[in-house]
Amino acid sequence: MSAVTFPPNPSEPRDASAHALLRFPPEIDSSNAGDLLGTIVSRTRTGDGQQPRVLVLDLTATLFMDSQGVRLINDVRRLLRPATRVYVVARPDSVAGRVLELTGLRRDVPVYDNLPEAMAA
C-alpha cells in the first residue's frame, strides 16, 4: 500500500487558468481512491473558487490500478466540470494504460503517452 501524496512541484503552473499537474501514486485501489479524490478536488480549488482550465493526471508511476482508478478519474471529471478539462498520462504498455483501454475510458478522456504532450495540449 502506498501513501497518498502529491509533493509540491515548482515547475507546476500556479495560475488557476493554466494547466495543473497531479502525479498519482504507484497504486490506486479501494484503499486509497477515496483519499485521492479528496486530495485532487482540494488541490484544484483555489481560495477564490477558481479551477484550472486543464487538470493533467499523471499515471506514469502507477504500477497497479484496478477499477477504482477508473472510477476515480470519472469522479474527478464529474466534480470539476465544466470549468476544468481532465487529461490523463499513461504509458500504453503500463497496467494503468491497459486498464484505461479495457474499460473504454480512453474514449471519454484524452489519454497521452507522455507528460510533455499532455501539458502542451
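Preceding this paragraph is the structure being described.
Below: a short report on this structure.

So, how was this worked out
Each chain has its residues counted from 1, running along the sequence as written. Owing to the predicted nature of the model, reporting of local features is limited to residues with pLDDT of at least 70; listing and counting of side-chain atom pairs is limited to 80 or more, with chain, interface and lining totals taken over all residues. Just so you know, side-chain values use all the structure's heavy atoms and leave hydrogens and water out. Working definition: helices are DSSP H or I runs of at least four residues, strands are E runs of at least two. Numbering for both runs from the N terminus. Categorising residues by exposure relies on relative accessible area from a 1.4 Å probe, with only protein chains included: less than 20% of the type maximum marks a residue as buried, more than 50% marks it as exposed, and the intermediate range marks it as partly exposed. Should any heavy atoms of two residues lie within 4.5 Å, those residues are counted as being in contact. Accessible areas in this description were obtained via Shrake-Rupley with a 1.4 Å probe; residue shielding takes into account the shown protein chains only. If DSSP finds at least two bridges between two strands, the strands pair. We count a salt bridge whenever a side-chain nitrogen from Lys or Arg sits within 4 Å of a carboxyl oxygen from Asp or Glu.

**Details of the overall build of the protein chain**
When helices and strands are counted, the protein chain shows five helices and six strands. When the helices and strands of the protein chain are read in sequence order from the N terminus, they spell out β-β-α-β-β-α-β-α-α-β-α. Put simply, the protein chain has 121 residues, and 46% of those count as buried. Look at the contacts in the protein chain between residues 6 or more apart in sequence, and 72% of them connect residues 24 or more apart. Total accessible area computed for the protein chain in this model is approximately 6,300 Å², and 53% of it derives from carbon and sulfur atoms.

**Focus on unusual backbone geometry**
With an omega dihedral of -10°, the bond running from Arg 81 to Pro 82 counts as a cis peptide bond. Relative to the assigned elements, Pro 82 resides in the loop between α2 (67-80) and β5 (85-89).

**Some words on the pairing of strand β3 (residues 54-58)**
Here β3 lies mainly inside the structure; five of its five residues are buried. Neither face of β3 is exposed, since Val 54, Val 56 and Asp 58 on one face and Leu 55 and Leu 57 on the opposite face are all buried. Of the pairings in the sheet, the one linking strand β1 (residues 19-23) to β3 comprises five bridges and is parallel in character. Each residue of the ladder has a partner; that of His 19, found in β3, is Val 54. By the bridge criterion, five bridges tie β3 to β5 in an arrangement that is parallel. Counterpart to Asp 58 in the pairing with β5 is Val 89.

**Describing the pairing of β5**
With four of its five residues buried, β5 lies for the most part within the structure. The pairing of β5 with strand β6 (residues 111-112) spans two bridges and is classified as parallel. Among the inter-strand pairings, Val 89 is bridged to a residue of β6, identified as Tyr 112.

**Things to note about the pattern of salt bridges**
Evaluated as defined, the whole model comprises four salt bridges. The salt bridge involving Arg 71 is made with Asp 75; its shortest N-O contact spans 4.0 Å. Residue Arg 71 and its partner Asp 75 are both found in helix α2; the two are separated by four residues, about one turn of the helix. With a relative accessible area of 18%, Asp 75 lands in the buried category. The partner of Asp 75 in a salt bridge is Arg 78, with the nearest N and O atoms 3.5 Å apart. Remark: Arg 78 and Asp 75 occur in helix α2; sequence separation between them is three residues, near one turn of the helix. Given the relative accessible area of 51%, Arg 78 is considered exposed. Taken together, the shared-partner salt bridges connect Arg 71, Asp 75 and Arg 78 into one network.

Everything listed is a geometric property; what it means functionally is a separate question.
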